[in-house]
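As a plain string of letters, each chain reads:
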Amino acid sequence: MIQLTNIEKYYANKGVKNYVLRLVTTTIKQGEFVSIMGPSGAGKSTLLNIIGMLEEPTYGTYEFLGENVTSLNERKRIELYRNHIGFVFQAYHLIDEMTVYENIEAPLLYKKIGSSERASRIADLLDRFNIVAKKDLFPNQLSGGQQQLVGIARALAAQPSIILADEPTGNLQSAQAEEIMELFKKLNQEDGITIIQVTHSEKNAQYGNRILHIADGVVKEDVTVA
Amino acid sequence: MFKLNLKIAWRNLWKNKGYTLINILGLSIGMASCILIFIFIRYQLSFDENFKNEGRIYRVITSWTAPDSFFESPGTARPLPPAMRNDFRQQFDRVGTIQGGGGIIKVKDASGKESIKTAEDVQYADPDFFEILDFKWLEGNPRQSLSQPNTVVLSDEMANKLFGDWHKAVGQSINFKNKLDLKVTGIIEKTPENSSFPLRIIISYKTYQNQAGPELTSWGSVSSSSECYVLLKKGVSIEDANRSIPQFIDKYYQKDDISKEGHRFQPLRDIHYNEELGNFANKVISKKELYGLAIIGVFLLLTACINFINLATAQAVSRGKEVGVRKVMGSLRRQLIVQFLTETLTITVLSLLVGCVLTEIALPGMQSLFKDHISFSIIEHPIILAFMLVLMILVSFLAGFYPAMVMSGYSPALAIKNKITANAGGLSLRKILVVVQFAITIILIIGTLVVLRQMSYMREKPLGFIPTAVALVDIPSDSIAITRYHTLQDQINKIPGVLSTSYCSAAPSSDFNNESNFRYNSTVNATFQANTKTGDENYFKTFGLAIIAGKGLTKSDTVRNFVVNETMLKKLNVVNYNEALGKTIRVHGKTGTIVGVVKDFNNRSLHEPISPIILNSDKESYTTIAIKLDSKSILPAMQAIEKTWNNVLPEYVYGSTFLDDKISEYYQTEKIMGALFKVFAGVIIFISFIGLFGLISFVATQRTREVAIRKVLGASTVELVKMLNGSFLMMVFIANLVAWPLAYLFVAKWLATFTYRIEVNIWPFILAMIISMTITLITVSIRSYKAAVANTIDALKYE
């Protein structure tokens, strides 16, 4: 589903090129649960951003669902966001002025889903994540774990085929973190959603079925988890 | 989607209550000012509209061109209308006459007893006048009602006043000037306030012709109250009519006069806006003033919008995360723009509502300033509603578009990582906007200071006579009244508090001016005209005029002696004033000798220079008795004067004014302008400074961490306040530099309209700078001090 070929990313500063990524080539298939690991500054987040089309690589080609998306216009990119990609952030990034219900509803509105369909999908998600009682609360009235649940629910609302998560548990206590990772595993195994996460934690990486180790912008190891 | 946007907008506004309040306050005041200015301009532009043939109606203007003067009058010679009717058959459908006048109206009740006695303005008009201007007739019609002598048409309002009910008025009669009985033959609907024709009592023109004297056939005498209106034929252009004028003038006017007559046709819809010519309603406003007001309105709105833009772009950073998240959820940039504009629209709508309330509150003040009934009814004038809608949309776009563009343009990758800095919100643009805003503010401050100084200069400038505590009491000038002048003056002189009295045609400074050709010590006319005034021997004493050569006028009922002013002699090149004494003057067909020279005094408003003046006594021409009072006993003396007057002249109606009030009326426009400047300068200062307060609040919040770190490093509170204030003071200083030349151009142009004026010096500019810098310093220091003394730990622990 994702084919990265010789992806390079550098920032030029006074003629000196600071490489963030060097010649990254990899394929991610439908239904995989990939964890990207590595030390700080290794280029994990940049790689995820490139996969999420938030940044463009300096060199190399990127194919998403067989289509070259290396540089895409806004309209096409947003089409992909609406239909195929869901984002989960370390700092949750819920919209503070909207309730839980409205936060989950927002992507559906952009996708122009009819109101009854919208209501049933949101009800379903609230039910599944056990946050029905919280639907009228604002993000700042929730705990971090609960906020991340809403964040994931929001990412799932548009029924994407892939979820990109940048340290989804980085701001959470371990009990809550485990809960989120279990959820990801379940989504991957039961619903067949492709998941790519960036993480520091070896333990979290074990939930997935493949780990990409990155250091200094280079893929050092590509291991399959048993 | 719109509903959700609205909801989000509402929550966002609520969350930032302080900024919302500043925005709404600024925008609502700006919008209220705009609405007030709009309804005033709309009212002024509605004058004399809705006449059926308005595009084809013209007033005939008479002009005189002399070697060194040009003068225009809205009046025409009395024989002109019939002549024009005859000679312009090809061009005009109708030529109508209307003659202004006035007198005492008396109505007897059923028992024959006098029930109403009142002094009223009247107009004499022929049927053609009413066929040109289609006023609404409730009873009668122009041909029937105004073709006979001694008939009168009343407005329904006047008929109600005289007879109780206008339905009963037709067929009754009123007495006019104690000699004519006029039969009521028609009723017209009261003319609206926005009309240059305040018609209440219209007497048939035949009545006027029956009683008028030789002026009826004289082409040489023109009164500004004899107006002539023409209705152009369909398909004929006014240029066609203009082409026939030279021939018309050659045919009727004498050719050997010093000044040459001319005519032009003034369109009906120009009458209200021509300040030189005037009209029966005495309501004129120049288009220039209306444009000036509109410009001030635009400035106010601009200032308020700048506030909004500045605060919105400053706040934009805090919305960055939301923008990023929405973008990765699949929001198009366009959708984000719509969302932010919805927020602006919400604020604008709220501001408009508050603005309407403010308008309603300010309306009575505005009505009393302009002495007009200006309506803010959107039902009566739907255009006001349309204006408010346009205003709302315009403000939303003006204020909201730029911030929306900035915010929606954030890159999601940066926004999500909170890597967007304040600079991304366009700090340099914000600085430019603040400079523009303050430049506008400073121009208005300087303008206000100069207008106020010129006003006080005009109040304090010695006019060459003493205008205080002089009452001007009207006197009738018919032959019966003249016989009682002596008694009246004697009795008034005996009243305690009366210092001196003088019969005269007009006070030294007056709207009533008579210009005439004259001969000085020779048989040919002088090359310029003189302003002639008449008064008795007490004229100089009563008005405090100073004689600088010879003596004043002596007791005389007829023309024998003349007194002239300095300007007169200067224009005649007489250097030694004593030389002029004993020389002859011939004016108005009468000859006499110069007995004295009076020191120059301002005989018109200070917009105009002093005229050459000839003063003499002429009992027949007096219209006023001027009474110099002891300023301590004005009130009781005036009551006693009115009583005495009514005893001596019981058939007439008493009327009085004070000279200083009359003089201050010259400056009505300047007074209004001064008041408007004060109000709008106040408003704009307020708007600018709340904007500044908002901006410094934001900057202080943004730099909280920096302030805390600097404090830890050892910066003192004063140093921190200075650091936060610095850029603002600099911006206001630059604004001053930008504003000065513009303000100079503006005030110099305005002052040029006065012959007597203050010199433009540096002080208003310096003062405006001090005012703006001081207020800026206070505004920003309040906030930056708070930021500088905030607890360091609070600022640092969250990072």
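Parameters and conventions
- Residues numbered from 1 in each chain as written.
- Chains lettered and ligands numbered in written order.
- Predicted model: local features only at pLDDT ≥ 70, side-chain atom pairs only at ≥ 80, totals over all residues.
- Heavy atoms only, no water.
- Helix = DSSP H or I, 4+ residues; strand = E, 2+ residues; numbered from the N terminus.
- Rg over C-alpha atoms; globule rule 2.2 N^0.38 Å.
- Buried < 20%, exposed > 50% of the residue type's maximum accessible area, 1.4 Å probe, protein only.
- Contact = heavy atoms within 4.5 Å.
- Areas by Shrake-Rupley, 256 points an atom, 1.4 Å probe, with all protein chains shown as cover.
- Core = buried A, V, L, I, M, F, W, Y, C linked by side-chain atoms within 4.5 Å.
- Domains from an automatic or database assignment.
- Axes fitted to C-alpha atoms, helices over the stretch in contact; angles between N-to-C directions.
- Parallel < 35°, antiparallel > 145°, perpendicular 65-115°, else oblique.
- Nonpolar A, V, L, I, M, F, W, Y, C, P; charged D, E, K, R; others polar.
- Pairing = 2+ DSSP bridges.
- Phe/Tyr/Trp six-rings, centres within 6.5 Å; stacked < 30°, edge-to-face > 60°.
- Buried area = accessible area lost by both parts, 1.4 Å probe.
- Salt bridge = Lys/Arg side-chain N within 4 Å of Asp/Glu carboxyl O.
- Polar contact = N/O pair within 3.5 Å; in protein donor to acceptor, adjacent residues only side chain to side chain.
- Left-handed = near helix turned anticlockwise from the far one by under 90°.
- Disulfide = S-S within 2.5 Å.

**Describing the overall build of chain A**
Right, on to step 1. Summing up its helical and strand segments, chain A has seven helices and 10 strands in all.
Right, on to step 2. In terms of C-alpha radius of gyration, chain A reaches 18 Å, essentially the compact-globule figure of 17 Å for 226 residues.
Right, on to step 3. In terms of overall dimensions, chain A has a C-alpha envelope of 55 × 40 × 35 Å along the principal axes.
Right, on to step 4. By residue count, 54% of the 226 residues in chain A fall in the buried class.
Right, on to step 5. Contacts spanning at least 24 positions in sequence make up 68% of the contacts within chain A whose residues lie at least 6 apart.
Right, on to step 6. When the accessible surface of chain A is split by element, carbon and sulfur atoms take 46% of a total near 9900 Å².

**Considering the environment of B:Ser784**
Residue and element names in this part refer to chain B.
Right, on to step 1. Take Ser 784: it is sitting in helix 26 (residues 763-789).
Right, on to step 2. Distance in space between the C-alpha atoms of Ser 784 and Ile 39 is 41 Å, their sequence separation being 745 residues.
Right, on to step 3. Aside from chain neighbours lying at most four places away, what touches Ser 784 is Ile 696, Val 721, Leu 724 and Asn 725.

**What about the nonpolar core?**
Right, on to step 1. Membership of the largest hydrophobic core comes to 121 residues, with the highest contact counts inside it found for B:Ile39, B:Leu391, B:Ile446 and B:Phe543.
Right, on to step 2. Residue contributions to this core peak at 17 residues, all from helix 23 (residues 668-702) of chain B.
Right, on to step 3. Looking at this core, you find at least three residues from each of domain 1 (2-42 + 286-457 + 669-797) and domain 3 (477-651) of chain B.
Right, on to step 4. Non-local contacts of B:Ile39, meaning those with residues more than four positions away in its chain, are made with B:Thr359, B:Leu363, B:Ile374, B:Ser375, B:Phe376 and B:Ile384.
Right, on to step 5. Judged by nonpolar contacts, the second largest core, of 45 residues, contains A:Ile36, A:Leu72, A:Leu109 and B:Leu4.

**Section: the packing of helix 22 (residues 659-666) of chain B against helix 23 of chain B**
All names here are of chain B.
Right, on to step 1. Direction vectors running N to C along helix 22 and helix 23 enclose 65°, while the axes themselves pass 4 Å from each other. Between helix 22 and helix 23, the angle falls in the class roughly perpendicular. On helix 23, the residues touching Ser 664, Glu 665 and Tyr 666 of helix 22 are Gln 668, Glu 670 and Lys 671.
Right, on to step 2. Its residues assigned to classes, the contact of helix 22 with helix 23 shows one nonpolar, two polar and three charged.

**Concerning the sheet that holds strand 22 (residues 624-629) of chain B**
Residue and element names in this part refer to chain B.
Right, on to step 1. A sheet is described by the order of its strands in space; here four strands give the open sequence 13-22-12-23, paired in antiparallel fashion. Among the strands making up the open sheet, the edge pair consists of strand 13 (498-504) and strand 23 (656-658). Sheet twist, expressed as the average angle between the axes of neighbouring strands with direction ignored, equals 20°.
Right, on to step 2. As paired elements, strand 13 and strand 22 share six bridges and run antiparallel to each other.

**A word on the packing of aromatic side chains**
Residue and element names in this part refer to chain B.
Right, on to step 1. A complete count under the given rule lists 42 aromatic pairs over all chains for this structure.
Right, on to step 2. With 5.5 Å between their ring centres and 40° between their planes, Tyr 205 and Tyr 208 make a pair best called tilted. Placement of the pair is Tyr 205 and Tyr 208 together in helix 7 (residues 205-211), with a separation of three residues, close to one helical turn. Tyr 208 carries the same exposure label as Tyr 205, and that label is buried.
Right, on to step 3. Measuring from centroid to centroid gives 4.7 Å for Tyr 485 and Tyr 503, while their planes differ by 15°, and the two rings are stacked. Placement of the pair is Tyr 485 in helix 17 (residues 485-494) and Tyr 503 in strand 13, with a sequence separation of 18 residues.
Right, on to step 4. Tyr 485 sits in the buried class, given a relative accessible area of 4%.
Right, on to step 5. Here Tyr 503 falls in the buried class, since its relative accessible area comes to 3%.
Right, on to step 6. Chaining the aromatic ring pairs together yields one cluster made of Phe 51, Phe 129, Phe 130, Phe 135, Trp 137, Phe 197 and Tyr 229.

**Let's talk about the domain arrangement of chain B**
All names here are of chain B.
Right, on to step 1. Taken domain by domain, chain B holds domain 1 (2-42 + 286-457 + 669-797), domain 2 (54-61 + 74-237 + 266-273) and domain 3 (477-651).
Right, on to step 2. Each of domain 1 and domain 3 was reduced to a C-alpha centroid, and the two centroids are 57 Å apart.
Right, on to step 3. Tallying the contact residues gives five residues for domain 1 and six residues for domain 3.
Right, on to step 4. Of the roughly 510 Å² buried between domain 1 and domain 3 on both sides combined, carbon and sulfur atoms contribute 50%.
Right, on to step 5. Seen at the junction of domain 1 and domain 3, the total is zero salt bridges.
Right, on to step 6. One can count four residue pairs in polar contact (both at pLDDT 80 or more) joining domain 1 with domain 3.

**Quick look at the pairing of strand 2 (residues 16-28) of chain A**
All names here are of chain A.
Right, on to step 1. With nine bridges connecting them, strand 1 (residues 2-13) and strand 2 associate as antiparallel partners. Each residue of the ladder has a partner; that of Leu 4, found in strand 2, is Thr 26.
Right, on to step 2. Here strand 1 folds back onto strand 2, and the loop between the two strands holds two residues, one of which, Lys 14, carries a positive phi near 50°.

**Comments concerning the sheet that holds strand 3 (residues 33-37) of chain A**
Residues and elements named next belong to chain A.
Right, on to step 1. Across the sheet, which stays open at both edges, the six strands sit in the order 6-7-8-3-9-10 with mixed pairing between neighbours. The outermost strands of the open sheet, each flanked by one partner alone, are strand 6 (85-88) and strand 10 (218-224). Ignoring strand direction, the axes of neighbouring strands in this sheet form an average angle of 15°.
Right, on to step 2. With four bridges connecting them, strand 6 and strand 7 (residues 162-166) associate as parallel partners. Note on strand 7: the bridge partner recorded for Phe 87 is Leu 164.
Right, on to step 3. Here helix 6 (residues 174-190) sits on the sheet and contacts strand 3, strand 6, strand 7 and strand 8 (194-198); the angle it forms with strand 8, its principal contact strand, is near 150°.

**Here's the deal with the pairing of strand 20 (residues 590-598) of chain B**
All names here are of chain B.
Right, on to step 1. Here strand 17 (residues 547-550) pairs with strand 20 via three bridges, running antiparallel. Among the inter-strand pairings, Gly 550 is bridged to a residue of strand 20, identified as Gly 596.
Right, on to step 2. Judged from the five bridges that link them, strand 18 (residues 561-565) and strand 20 form a sheet pairing that is parallel. If you follow Phe 562 over to strand 20, its bridge partner there is Ile 594.
Right, on to step 3. As judged from the four bridges shared by strand 19 (residues 584-587) and strand 20, these two strands associate in the antiparallel manner. The partner of Ile 585 across the bridge, within strand 20, is Gly 592.

**Side note on the packing of helix 23 of chain B against helix 26 of chain B**
Residues and elements named next belong to chain B.
Right, on to step 1. Packing of helix 23 against helix 26 leaves a shortest axis separation of 9 Å and a crossing angle of 30°. Here helix 23 lies roughly parallel to helix 26, going by the angle between them. Remark: the crossing between helix 23 and helix 26 carries right-handed chirality. Contacts from Ile 685, Phe 689, Leu 692, Phe 693, Ile 696, Ser 697, Ala 700 and Thr 701 of helix 23 reach helix 26 at Ser 772, Ile 775, Thr 776, Thr 779, Val 780, Ile 782, Arg 783, Ser 784 and Ala 787.

**A word on the side chain of B:Thr644**
All names here are of chain B.
Right, on to step 1. Mapped onto the elements of the fold, Thr 644 is located in helix 21 (residues 634-648).
Right, on to step 2. Here Ala 640 takes part through its backbone oxygen, which lies 2.7 Å from a polar atom of the side chain of Thr 644.
Right, on to step 3. In this structure Thr 644 touches Gln 491, Ile 492 and Ile 495, once residues within four positions along its chain are discounted.

**So, the state of the cysteines**
Residue and element names in this part refer to chain B.
Right, on to step 1. The final tally for this structure, using the stated rule, is zero disulfides over all chains.
Right, on to step 2. Free cysteine Cys 34: the closest other cysteine sulfur is in Cys 305, separated by 8.8 Å.
Right, on to step 3. Here Cys 34 falls in the buried class, since its relative accessible area comes to 9%.

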